[in-house]
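Observations on the three-dimensional arrangement
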Amino acid sequence: LCVFLPYPTVTSPCKILKCNSEFWAATSGSHHLGAEEAPEFCTALRAYAHCTRRTARTCRGDLAYHSAVHGIDDLMVQHNCSKDGPTSQPRLRTLPPGDSQERSDSPEICHYEKSFHKHSATPNYTHCGLFGDPHLRTFTDTFQTCKVQGAWPLIDNNYLNVQVTNTPVLPGSSATATSKLTIIFKSFQECVDQKVYQAEMDELPAAFADGSKNGGDKHGANSLKITEKVSGQHIEIQAKYIGTTIVVRQVGRYLTFAVRMPEEVVNAVEDRDSQGLYLCLRGCPLNQQIDFQTIRSAQATEGRARRKGPSLPAPPEAFTYETATAKCREKLPVEDLYFQSCVFDLLTTGDVNFMLAAYYAFEDVKMLHSNKDKLHLYERTRELAPGNMAPTGTHPTLWVALLCLSWLCLL
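Cut-offs applied
Residues numbered from 1 in each chain as written. Predicted model: local features only at pLDDT ≥ 70, side-chain atom pairs only at ≥ 80, totals over all residues. Heavy atoms only, no water. UniProt positions renumbered as here; feature names shortened; annotations may be inferred. Helix = DSSP H or I, 4+ residues; strand = E, 2+ residues; numbered from the N terminus. Buried < 20%, exposed > 50% of the residue type's maximum accessible area, 1.4 Å probe, protein only. Contact = heavy atoms within 4.5 Å. Areas by Shrake-Rupley, 256 points an atom, 1.4 Å probe, with all protein chains shown as cover. Disulfide = S-S within 2.5 Å. Phe/Tyr/Trp six-rings, centres within 6.5 Å; stacked < 30°, edge-to-face > 60°. Arc of directions from axis to C-beta. Expected span 1.5 Å × (residues − 1). Pairing = 2+ DSSP bridges. Axes fitted to C-alpha atoms, helices over the stretch in contact; angles between N-to-C directions. 1 Å grid on protein atoms, 1.4 Å probe; cavity = no way out; pocket = protein on both sides within 12 Å on 5 of 7 lines; lining within 4 Å. Points joined across faces, edges and corners; volume = space filled by probe spheres on them. Nonpolar A, V, L, I, M, F, W, Y, C, P; charged D, E, K, R; others polar.

The chain appears in an unreviewed UniProt entry as RGMA protein from Neopipo cinnamomea. In UniProt, the chain has this text filed under Subcellular location (unreviewed entry): "Cell membrane". Per UniProt, the comment on the chain under Sequence similarities (unreviewed entry) is "Belongs to the repulsive guidance molecule (RGM) family."

Written out as structure tokens, the structure is:
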């Protein structure tokens, strides 16, 4: 049935992420509060509840909303808070400088390198990134430019799931970019509870959907933490129990994603047949790929901008091939695939923020990729393994159905 459901809209009227962020901002460091400051925490909880009520009508089907509502009720009981009282948002005391929030008694199993590889070799880390129009670098260092409009799974293994939603950059255009991101960290032994992180255009929270910034109430909860690097623009999630680092940015209106993950975790799936469904491992299906190098060559020959698709609206700023290459060279001096994707995106969208998306994507590669000799890529992989495309003879509707079913199994 989900085959017939429409793709998610560009923006969601449900503003639960905003409520979560406001509550966390008001209660940062609240677990250090003394008894005399409990009334301020209750005030923040009431404000949180009031915010969720304001958005209740538009959040009926949102899991993050229902999680927040139940979480508020639990916190009200735990802190003996009255539902009646002031709802102004207090700014509570923050953590003292240098407080890492790490628990010295965190169990060994909640540290990947100490537990998974106690009697084996050092793990091999891999990288996957998604940015721009969108461009995908897989765990095997394959570089692709894809259409993939709508919701698609990026990662799907025994420990976490990541889904992105890509929407058209311009009305009527086949150029798409990531407007929404959902990350689910599955409950893991005594380390972390299940946690959901959601971001969308103009909402990049520095907390999970339930307002927390770590793995919950379990003994090794701080082996999963969110850190805000730049407010509203850059967050980093450290999942030490699976040796994974995730970077999410908002550049202009759209999101970028980058991850560093051990191969052992990448390949940890119960049903290996389902691995072909997620993009970071197998890449985009063949019918969703765009050969931007061929298009770029034609644009360079003609010396003018060419759009992907017929009769597209004019972008905010028109770039020629020469002006686009000059602009991209300001941030990306090496003419690798990140540089080429930057040129392609400027010609396609006219939005200079796509240059910054390519620049930050490469900065994330420099930070996250374990092999410094493979930072730059110069030729995208044209020959695709059988797992990179929909099975021969498979109807497109069945392909979409399989994607939907794989995601619904996560919920």
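There's plenty left to go through after this.
**Comments concerning the overall build of the chain**
A count of helical and extended segments in the chain gives eleven helices and twelve strands. By the burial criterion, 52% of the 411 residues in the chain qualify as buried. Once local pairs closer than 6 in sequence are excluded, the contacts in the chain between residues at least 24 apart make up 64%. Of the roughly 19000 Å² of accessible surface on the chain, a fraction of 52% belongs to carbon and sulfur atoms.

**Looking at the environment of Ile72**
Tracing the backbone through its elements, the reader meets Ile72 in helix α3 (residues 63–78). Spatially, the C-alpha atom of Ile72 lies 8.5 Å from that of Arg46, the residues being 26 residues apart in sequence. Not counting residues within four places of it along the chain, the set of residues in contact with Ile72 comprises Leu45, Tyr48, Ala49 and Thr52.

**Topic: the state of the cysteines**
Covalently bonding the sulfur atom of one cysteine to the sulfur atom of another cysteine gives a disulfide. For the structure shown, the criterion picks out six disulfides. There is a disulfide in this structure between Cys110 and Cys191, and the S-S distance comes to 2.0 Å. On the sign convention where negative is left-handed, the bridge of Cys110 and Cys191, at about -100° about the S-S bond, is left-handed. Taken as a pair, Cys110 in the loop between α3 and α4 (112–115) and Cys191 in the loop between β6 (176–185) and β7 (195–200) lie far apart in primary sequence, 81 residues in all. A relative accessible area of 3% places Cys110 in the buried class. Here Cys328 pairs with Cys342 through a disulfide, and the sulfurs are 2.0 Å apart.

**Remarks on the packing of aromatic side chains**
Inspection of every chain in the model, using the stated rule, returns nine aromatic pairs. For the pair Phe143 and Tyr338, a centre-to-centre distance of 5.5 Å together with 75° between the ring planes defines the contact as edge-to-face. Taken together, the residues Phe143 in strand β3 (residues 143–146) and Tyr338 in helix α9 (residues 337–349) connect sequence positions 195 residues apart. Phe143 gets classed as buried once you look at its relative accessible area, which sits at 1%.

**Observations regarding helix α8 (residues 321–329)**
Residues Tyr321, Ala324, Thr325 and Cys328 constitute the buried set of α8. Across the axial projection of α8, the buried residues extend over an arc of 95°, all falling on one side.

**What to know about helix α10 (residues 353–368)**
The end-to-end C-alpha distance of α10, which contains 16 residues, comes to 22 Å, matching closely the 22 Å that a straight helix rising 1.5 Å per residue would cover. Residues of α10 that are buried include every one of Phe354, Met355, Ala357, Ala358, Ala361, Phe362, Asp364, Val365 and Leu368, and no others.

**As for the sheet that holds strand β5 (residues 160–168)**
Taken in spatial order, the four strands make up an open sheet running β4-β5-β6-β7, and their pairing is antiparallel. On the outer flanks of this sheet lie β4 (150–156) and β7, each paired with one strand and no other. For this sheet, the mean angle separating the axes of adjacent strands, direction not counted, is 20°. Looking at chain direction, β5 and β6 are connected through nine bridges and run antiparallel.

**Observations concerning the side chain of Thr256**
The topology assignment puts Thr256 in strand β11 (residues 254–262). Residue classification places Thr256 among the buried residues on the basis of a relative accessible area of 5%. When neighbours within four sequence positions are excluded, Thr256 is seen to be in contact with Leu130, Phe131, Val247, Val248, Arg249, Val251 and Ala357.

**Looking at empty space enclosed by the protein**
The full count for this structure, using the stated rule, is five cavities of 30 Å³ or more. In this structure, the largest cavity encloses a volume near 70 Å³. Looking at the lining of the largest cavity, the elements with two or more residues in it are β6, β11 and α10. For the lining of the largest cavity, a count of residues per class yields six nonpolar, four polar and one charged. Residue lining of the second largest cavity: His127, Gly129, Leu130, Phe131, Arg137, Thr256, Phe257, Ala258, Tyr338, Ala361, Asp364 and Val365, and that is the complete set. For the lining of the second largest cavity, the secondary-structure elements that each account for two or more residues are β1 (125–131), β11 and α10.

**Structural notes on the sheet that holds β3**
Ordered by their spatial adjacency, eight strands build an open sheet running β8-β9-β10-β11-β1-β2-β3-β12, and the pairing between neighbours is antiparallel. The strands lining the two open edges of the sheet, one partner per strand, are β8 (224–230) and β12 (289–290). Across seven bridges, strand β10 (residues 244–251) lies against β11 in antiparallel orientation. Note that in β11 the partner of Gln250 across the bridge is Leu255.

**A closer look at unusual backbone geometry**
Even without glycine at this site, Asp141 takes up a positive phi of about 65°. Here Asp141 shows up in the loop between β2 (135–137) and β3. The phi dihedral of Asp202 falls on the positive side, at around 70°, and the residue is not glycine. Structurally, the position occupied by Asp202 is in the loop between β7 and β8. Overall, the relative accessible area of 63% leaves Asp202 in the exposed class.

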